[in-house]
Amino acid sequence: MTNTHAQWQKLADEFQPETRLLIGDSLYDSADGARFESINPATGDVVASIASATADDVERAAVLAESRFREGVWSRMPLRERMNILYRFADLIEENGDTFILLDTIEMGKPVSEMQSTDLPGAVLTFRFLAEAIDKVGGSTPNTNDGFHHYIVRQPLGVVGCITPWNYPLMMAAWKVAPALAAGNSVVLKPAEDSSLSSILLGQLFLVAGGPPGVFNVVPGTGQVAGQALARSQHIHKVSFTGSTGVGRLMYKYAADSNLKKVSAELGGKSPQIILKDVGDMERCATAVVDGIFGNQGEVCAAGSRILVANEVYEEFREAFVAASTKKYAPGDPLDPATTMGPLVNKAHQTRVRGYIDGAVGEGAKIVLGGDVDHQFDNSCYVSPTLFADVSPDMTIAREEIFGPVGALIRHEGIEQALSIANDSEFGLAAGIWTQNITNAHSLARDLQCGMVWINGYMNGDMTQPWGGWKQSGQGRDKCIDSLLENMQSKSVWVTL
Ligand code: NAD
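The notes below deal with the structure included here.

What counts, and where the lines are drawn
- Throughout, residues of each chain are indexed from 1 in the direction in which the sequence is written.
- The model is predicted, so local features are restricted to residues of pLDDT at least 70 and side-chain atom pairs to those at 80 or more, both for listing and for counting; the totals for chains, interfaces and linings are taken over all residues.
- Only hydrogens and water are removed before side-chain values are computed, so all heavy atoms of the structure are retained for them.
- In this scheme, strands are said to pair when DSSP sees at least two bridges between them.
- Here a helix means four or more residues in a row that DSSP labels H or I, a strand means two or more in a row labelled E, and each is numbered from the N terminus.
- Here an angle of 0 to 180 degrees is reported between the N-to-C directions of two axes, which are lines fitted to C-alpha atoms, with helices fitted over the stretch in contact.
- Between two residues, a contact is recorded if the distance between any of their heavy atoms is within 4.5 Å.
- Small angles under 35 degrees read as roughly parallel and large ones over 145 as roughly antiparallel, with 65 to 115 read as roughly perpendicular and the rest as oblique.
- For this scheme, ten residues count as nonpolar: Ala, Val, Leu, Ile, Met, Phe, Trp, Tyr, Cys and Pro. Four count as charged, namely Asp, Glu, Lys and Arg, and the remainder, Gly too, count as polar.
- By this rule, a helix spans an expected 1.5 Å times one less than how many residues it contains.
- Each residue is placed in one exposure class: buried if its accessible area under a 1.4 Å probe, protein chains only, is under 20% of its type's maximum, exposed if it is over 50%, and partly exposed if it falls in between.
- Our arc is simply the arc of the directions from the helix axis toward the C-beta atoms.
- The near set for a molecule or strand comprises every residue that places at least one heavy atom within 4 Å of it.
- Polar contacts, as counted here, are pairs of nitrogen or oxygen atoms within 3.5 Å of one another; within protein the pair requires one atom able to donate a hydrogen and one able to accept it, and residues that are adjacent in sequence qualify only if both atoms are side-chain atoms.
- Only the protein chains shown count as cover for residues, and the accessible areas themselves come from Shrake-Rupley with a 1.4 Å probe.

## Focus: the sheet that holds strand β14 (residues 386–389)
Next, step 1: Spatial ordering of the open sheet is given by β13-β14-β15-β12-β11-β17-β18, a layout of 7 strands whose pairing is mixed. Whereas interior strands pair on both sides, the edge strands pair on one side only; in this sheet they are β13 (366–369) and β18 (452–455). Recorded for the sheet is a direction-independent mean angle of 25° between the axes of neighbouring strands.
Next, step 2: Looking at chain direction, strand β17 (residues 430–434) and β18 are connected through 4 bridges and run parallel. The residue of β18 that forms the bridge with isoleucine 433 is isoleucine 455.
Next, step 3: Running over the sheet, helix α12 (residues 347–362) touches β13, β14 and β15 (406–412) and is turned about 25° from β14.

## Structural notes on the packing of helix α3 (residues 79–95) against helix α5 (residues 112–133)
Any two packed helices are characterised by the angle at which their axes cross and by the distance between the axes.
Next, step 1: Where α3 contacts α5, the two axes come as close as 8 Å, and the packing angle between them is 170°. Viewed along their axes, α3 and α5 adopt a mutual orientation that is roughly antiparallel. Touching Met83, Leu86, Tyr87, Phe89, Ala90, Asp91, Ile93 and Glu94 of α3 are Leu120, Val124, Phe127, Arg128, Ala131 and Glu132, all from α5.
Next, step 2: Classifying every residue of the contact of α3 with α5 by side-chain character gives 10 nonpolar, no polar and 4 charged.

## Regarding helix α11 (residues 314–328)
Next, step 1: Taking 1.5 Å of rise per residue, the 15 residues of α11 would be expected to cover 21 Å, and the 21 Å separating its terminal C-alpha atoms lies within 8% of that figure.
Next, step 2: Within α11, burial applies to Tyr314, Phe317, Ala320, Phe321, Ala324 and Ser325. Buried positions in α11, seen along its axis, are confined to an arc of 130° and lie on one side of it. Those residues of α11 that are exposed and angled more than 90 degrees off the buried face are Glu319, Thr326 and Lys327.

## Focus: the site of the ligand
Next, step 1: As a structural note, the neighbourhood of the ligand is formed by 30 residues, with Thr164, Lys190, Glu193, Ser244 and Glu401 the closest of them.
Next, step 2: Here an oxygen atom of the ligand and a side-chain polar atom of serine 244 are 2.6 Å apart.
Next, step 3: Considering the ligand on its own, with 850 Å² of exposed area, one finds that the protein chains cover 90% of that surface.
Next, step 4: If you list the elements that add at least two residues to the shell around the ligand, you get α8 (223–232), β9 (238–242) and α9 (245–257).

Take a look at the structure:
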């Protein structure tokens, strides 16, 4: 049975989270004693003061992780044992579900309902799926010339440094950590400053599940210090990053400057939703498009923020969008299970999103919904769900990632123009297509320059889906078997007979 609003509030008032670095099987303050504050964006209250890892702390974790890797305590553990520990880990995440829900909600403002429906089950499934997959992937034995036997094996990389964003704190940690561990690597995880606590708990539960100490370490801290130290370390063999395109670019530089470590980068987006004139059930379409931009406060890499609507149905769609949004999305207390929209992650981000809204008005776009902060909450970081009409493809809100609840309606005159606008972006993460014409649907899906396409739906998915983008939305894939393979390297072995 799920908690009531009052029960969540009571849990939030009483809970004392762990705030230290986890290195090996011990919790530490940072070497210089520095801490940073995590603020609840719904109230402005301090949630916790968290140890801020120094570069030396990160290096200590990386060196330990590497020595554990070389010893083989995890990398050479019999596969069934490794699988069973990961299954136990998944069970423990589920059993501690309320704590994870609480931590991410009070740190970054996500509604408890979203944690329950998406983040928590998503994280548990990620560990279960990848545990299950451990002995389902392997190398190969290609045919080769007589006189030789040639086989190819896949082996873990060593230590994977995982750097995560704040928008799905637990789930993004799972997407990074689970395939790295399943493949036999050691891990050092650096969570985002705004959402460190669930990652620390994750590291603690790995030990409870029977994971060998030092195989999974957690070093909260700033991006500039801890994140950079991790990505520059000689003891890290891959950096698995999810975050903004700007910081993603730095990962390649850090790798080039240090040991040419492998980099996977899941980055930003400006994803189009293409609505053709034969959209079919308009209410169903509008409801999904609204969810695609206002779900998780719009703080979603694949948010469908560019809404390209055929001239013939533009007015009808606009009205259906406003009706669907009004019915579902209103800012509220994220600890209330009825709330569908929480605050943005912090004040600076709220100011940034407000800046985009003001800028769009300045550029001539017309607000048809929202457009303001929500004043019912003091000291908080809310922005009302906002829709702009009359947006042209060259306006700033049609080109840059806003990462907030701001949609832009752009008219198009048919499939060719829609495709051209959709592809005219530095990003290429995802796209939605709405039409009853099967040929148009599939040819658009073929021609869109992005990693994920949904036809007559948006954001559907399960663990069999490779998640990732084209162009400046990144390289590499999270989820599914692809993510496991990306945390391994091949070795070719020749035997002369
Ligand atoms: P961010 O790039 O600011 O930070 C991400 C992580 O990088 C944090 O842990 C941060 O501390 C660290 N970091 C910051 N500066 C660093 C530096 N100089 N060196 C090393 N590490 C550094 O991103 P964010 O604001 O936390 O998250 C939002 C972004 O993440 C959006 O752009 C969103 O699209 C993207 N995102 C992408 C995906 C995807 O799968 N493509 C998923 C979720 C989020």
